[in-house]
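Now for the letters of each chain:
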Amino acid sequence: MIIVKTIDELQKARKRLSGSIGFVPTMGALHQGHLSLIQKARSENEHLIVSIFVNPTQFLEGEDLDAYPRKDEADIKICEVAKVDILFMPTVDTMYEDDELCIGAPARRGYLLEGEKRAGHFDGMLQVVMKLLNLSGANRAYFGKKDAQQLALISQMVKNYFMDITIVPCEIVRDEFGLALSSRNVYLKDNDEKERALALSRSLKYATKMVMAGELDVHKIKSEMTNILSVVDKVEYVAFVTREFKALKKVEIGNTIILVAVWVGKPRLIDNIWI
Ligand code: AMP
């Protein structure tokens, strides 16, 4: 594995690779969720590029940019063991200049749910993902369904800008109790918060059970989910949307994503299930 920090080094290293390239962009503090993307990309491509970059433009004022967990040494070891060919770890100055051209999230899909609660987040996310996809020169890039709206917007960007790369969605990885893995889970400070955080996956599981029993009415399912979620500190949203992120009144089997965002103590947690 080689570690590169500059654009020039990355482009030189990439040009030495012949054959298909898989790419996994991350913000580091790697866990089993990231690793599942890395392993999938490893198995489906001849070469593998991973990036670690905590992208400042997708953090809003007052969010946890400075406190975001950074574990470079451990991450490097994980990538080495996972047989990554190129690990790209740029600095902010390498990735951005002043007064840049920006791309923006789409007016509807980009400004609801996460886009409404974290206005501007998706603009910054798309800006960095566009840069990273272009730099990677990859055939396929791997993203987790954990960030379902992010995945939808990246797929839309690739389509709208005719980018020659395949976006590969990857399943959500959870811990043994059902909590979706996230770098921000380290902020859950004690067993009480960890226990209460399980309400997310529990509510999604219960919703699936209701659908499987024939209940398709979103209002009814939401009210049961809200009961289960009463143990968290704040529910930001419980939403039922199509794969195109259009709001649903009735569950459409095969075309529904149920998403939840809540606060438990310090971290804001998101989770979802595709039905
Ligand atoms: P991040 O480092 O949080 O930007 O995440 C990098 C990539 O890993 C994104 O595509 C995420 O959706 C994905 N990811 C993060 N957590 C999980 C998880 N628990 N399961 C699957 N993918 C994940």
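Refer to the structure above for everything that follows.
What comes next concerns the included structure. Here the residue numbers are simple positions, counted from 1 along each chain's written sequence. Thresholds applied to this predicted model are a pLDDT of at least 70 for local features of residues and 80 or more for the giving and counting of side-chain atom pairs; totals over whole chains, interfaces and linings are not thresholded and use all residues. Each side-chain value is worked out from all heavy atoms of the structure, with water and hydrogens disregarded.

## Some remarks on the overall build of the chain
Okay, step 1: In DSSP terms, a helix is any run of H or I states spanning at least four residues, a strand is any run of E spanning at least two, and both are numbered starting from the N terminus. Across its full length, the chain carries 10 helices and nine strands.
Okay, step 2: Based on C-alpha atoms, the radius of gyration is set beside the globule rule, defined as 2.2 Å times the residue count to the power 0.38. On C-alpha atoms alone, the chain measures out to a radius of gyration of 19 Å, which is about the 19 Å that the 2.2 N^0.38 rule sets for 275 residues.
Okay, step 3: Each principal axis of the C-alpha distribution contributes one length, and for the chain these read about 55 × 40 × 40 Å.
Okay, step 4: Any residue under 20% of the maximum accessible area for its type is buried, any over 50% is exposed, and the rest in between are partly exposed; the area is computed with a 1.4 Å probe on protein chains only. Evaluated residue by residue, the chain yields a buried proportion of 53% over its 275 residues.
Okay, step 5: Residue contacts follow a heavy-atom distance rule, with two residues in contact if any of their heavy atoms lie within 4.5 Å. Taking the intrachain contacts of the chain between residues at least 6 apart in sequence as the baseline, contacts between residues at least 24 apart amount to 72%.
Okay, step 6: Accessible area for the chain stands at about 13500 Å²; split by element, carbon and sulfur atoms hold 52% of it.
Okay, step 7: Side-chain charges of the chain comprise 37 positive and 38 negative groups, with the mean position of each set lying 5 Å from the other. What sets the accessible areas is the Shrake-Rupley method with a 1.4 Å probe; for residues, cover comes only from the shown protein chains. The charge count includes Lys and Arg as positive and Asp and Glu as negative, but it does not include His or the ends of the chains. By convention, the point assigned to a charge is CZ for Arg, NZ for Lys, CD for Glu and CG for Asp.

## Concerning the environment of S43
Okay, step 1: Along the chain, the position of S43 falls in helix 2 (residues 32-44).
Okay, step 2: Judged by its relative accessible area of 59%, S43 is exposed.
Okay, step 3: The spatial distance from the C-alpha of S43 to the C-alpha of E80 is 15 Å, given a sequence separation of 37 residues.
Okay, step 4: Here a polar contact means two N or O atoms within 3.5 Å. Within protein one must be a hydrogen donor candidate and the other an acceptor candidate, and residues neighboring in sequence count only if both atoms are side-chain atoms. Among the polar contacts made by the side chain of S43, one reaches the main-chain carbonyl oxygen of K40 at a distance of 2.9 Å.

## Side note on the packing of aromatic side chains
Okay, step 1: Each pair of aromatic rings taken from Phe, Tyr and Trp, with Trp reduced to its six-membered ring, is defined by centres within 6.5 Å and is described as stacked if the planes are under 30 degrees apart, edge-to-face if over 60, and tilted in the remaining cases. On inspection of all chains with the given rule, the structure shows two aromatic pairs.
Okay, step 2: Residues F53 and Y96 carry aromatic rings whose centres are separated by 6.4 Å and whose planes lie at 35° to one another, so their mutual orientation is tilted. Here F53 is found in the loop between strand 3 (47-52) and helix 3 (72-81), whereas its partner Y96 is found in the loop between helix 4 (92-95) and helix 5 (114-117), with 43 residues between them in sequence.
Okay, step 3: The buried category is assigned to F53, whose relative accessible area is 5%.
Okay, step 4: Centroid distance F59 to Y68: 5.7 Å. Interplanar angle 80°. Geometry classified as edge-to-face.
Okay, step 5: Above the ring of W274, the side-chain terminus of K145 is found at 4.6 Å from the ring centroid.
Okay, step 6: Criterion for a charge above a ring: Arg CZ or Lys NZ at most 6 Å from the ring centre, at most 35 degrees from the ring normal. One residue, K266, lies across the ring of Y187, its end atom 4.1 Å from the ring centre.

## So, the sheet that holds strand 3
Okay, step 1: Pairing within the open sheet is parallel, and its six strands lie in the order 1-4-3-2-5-6. For this open sheet the edge positions go to strand 1 (2-4) and strand 6 (166-170), each flanked by a neighbour on one side alone. Across the sheet, the axes of successive neighbouring strands diverge by a mean angle of 25°, strand direction being ignored.
Okay, step 2: Paired strands, as defined in this entry, are two strands with at least two bridges between them according to DSSP. Taken together, the three bridges between strand 3 and strand 4 (residues 86-88) define a ladder with parallel strand orientation. Residue I49 lies in a different strand from strand 4, and its bridge partner there is I86.
Okay, step 3: Contacts from helix 6 (residues 121-136) reach strand 2 (21-26), strand 3, strand 4, strand 5 (140-144) and strand 6, with the element oriented near 150° to strand 2. Orientation is described by axes fitted as lines to C-alpha atoms, over the contacting stretch for helices, and by angles from 0 to 180 degrees between their N-to-C directions.

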